[in-house]
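Read off the chains here:
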Amino acid sequence: MKVIKVKNYQQLSEIASVMVSDLLVLKPDATLGLATGSTPIGLYQHLINKYQKHKISFKNVKTYNLDEYCDLPKNHQESYYTFMHKNLFDHVDINEENIHIPSSEGDDLEKRCEEYNSMLNRATIDLQVLGIGSNGHIGFNEPNTPFDQETFIVKLTEKTRIDNQRFFNSLDEVPHYAITMGIKNIMNAKQILLLASGKSKAEAIKTLVTGEITEKFPASILKKHPNVIVIIDEEAASLI
Ligand code: GLP
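This write-up is about the structure you can find in this document. (Residues numbered from 1 in each chain as written. Predicted model: local features only at pLDDT ≥ 70, side-chain atom pairs only at ≥ 80, totals over all residues. Heavy atoms only, no water.)

## Observations regarding the pattern of salt bridges
Part 1 of the argument: As enumerated under the stated definition, the model contains 7 salt bridges in all.
Part 2 of the argument: A salt bridge links R112 to E115; its shortest N-O distance comes to 3.2 Å. Placement of the pair is R112 and E115 together in helix α4 (residues 109-122), with a separation of 3 residues, close to one helical turn.
Part 3 of the argument: One salt bridge connects K159 with D163, and the closest N-O pair in it is separated by 3.5 Å. Separated by 4 residues within a single helix, K159 and D163 lie in helix α5 (residues 158-164), roughly one turn from each other.
Part 4 of the argument: Take K159: its relative accessible area is 42%, and that puts it in the partly exposed class.
Part 5 of the argument: One salt-bridge network, held together by shared partners, links K27, D126 and K190. (Salt bridge = Lys/Arg side-chain N within 4 Å of Asp/Glu carboxyl O. Helix = DSSP H or I, 4+ residues; strand = E, 2+ residues; numbered from the N terminus. Buried < 20%, exposed > 50% of the residue type's maximum accessible area, 1.4 Å probe, protein only.)

Printed below as a string of structure tokens:
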């Protein structure tokens, strides 16, 4: 696991975007694993900018998102489907059929998981972008998720619901469940790029960098992956 410390969120976003765009230049039909949350928004803005300047194209790029809330219609303003379209897909030349986001619609959620998991098993993700939850979650793999877990329905911890409350009008509106790639799916990516910014991530980054590998802290498994780059800003690095 290689840790790159940068000054601030702007630099973090810029460096991350260079890594993603270098991949797209080398491999225009690359498969990206994408994340939501506030952290990758700057990266996505830089990618949009590079697309507008004709430096990269998403025409042949395939994407797989990490997760989606349950009990929110796809077009809800806080669904991850809406997030990805608003923050990236609507502004670049990606083909809608190349976009994959777990679906939590319909009654048979187990079937949705199996379908997404089979798609992931047929794909090879060249680069997986990750954020990190303050409790060490990646995707929505909460503490004590088995490391060999594949796509599943997760009950969100109160900590995660409270962290994500800022996107909703009240805590009551934050879904209790989500569908997420499992840790095993994430670890199958050829390369992983984890981004963390701000003081609220300092404790998690300290645990990630200095702690042991344990299911109590899901992101710790990344230390076993051969190709992980962690980009953190000064505030996120403040406890290491
Ligand atoms: C959410 C997402 C994660 C994300 C994390 C951190 O719960 N499921 O994929 O990494 O929270 O979000 P943020 O970047 O807003 O801090």
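Let us keep going from here.
## Re helix α1 (residues 9-26)
Part 1 of the argument: With 18 residues, α1 should cover 26 Å at 1.5 Å per step; its first-to-last C-alpha distance of 26 Å lies within 8% of that length.
Part 2 of the argument: As for α1, its buried residues are in contact with β1 (2-6), β2 (31-34), α2 (41-52), β6 (127-130), β9 (191-196) and β10 (228-233).
Part 3 of the argument: The opening residue of α1, the one whose side-chain oxygen lies 3.3 Å from the backbone nitrogen of Q10, is N8. (Expected span 1.5 Å × (residues − 1). Contact = heavy atoms within 4.5 Å. Polar contact = N/O pair within 3.5 Å; in protein donor to acceptor, adjacent residues only side chain to side chain.)

## Considering the site of the ligand
Part 1 of the argument: With respect to spatial proximity, 13 residues lie near the ligand, and among them S38, T39, D67, R166 and K201 are the closest.
Part 2 of the argument: At 2.7 Å from an oxygen atom of the ligand is found a side-chain nitrogen or oxygen belonging to S38.
Part 3 of the argument: Between I132 and the ligand, the recorded distance is 3.5 Å, taken from a backbone N or O atom to an oxygen atom.
Part 4 of the argument: The fraction of the free accessible surface of the ligand (390 Å²) that becomes covered by protein chains is 94%.
Part 5 of the argument: In the shell around the ligand, the residues fall into 3 nonpolar, 7 polar and 3 charged. (Near = heavy atom within 4 Å. Areas by Shrake-Rupley, 256 points an atom, 1.4 Å probe, with all protein chains shown as cover. Nonpolar A, V, L, I, M, F, W, Y, C, P; charged D, E, K, R; others polar.)

## Overview of the state of the cysteines
Part 1 of the argument: Under the defined criterion, the tally for this structure stands at 0 disulfides.
Part 2 of the argument: Sulfur of C70: no disulfide; nearest cysteine sulfur belongs to C113 and is 7.6 Å away.
Part 3 of the argument: The class for C70 is buried, based on a relative accessible area of 2%. (Disulfide = S-S within 2.5 Å.)

## So, the sheet that holds β9
Part 1 of the argument: Spatial strand order, β1-β10-β9-β6-β2-β3-β5: 7 strands in an open sheet with parallel pairing. Pairing within the sheet leaves two strands with one partner each, and these edge strands are β1 and β5 (99-100).
Part 2 of the argument: Looking at chain direction, β1 and β10 are connected through 5 bridges and run parallel. Among the inter-strand pairings, V6 is bridged to a residue of β10, identified as D233.
Part 3 of the argument: With respect to the sheet, helix α7 (residues 202-210) is in contact with β1, β9 and β10, its orientation differing from that of β9 by roughly 145 degrees. (Pairing = 2+ DSSP bridges. Axes fitted to C-alpha atoms, helices over the stretch in contact; angles between N-to-C directions.)

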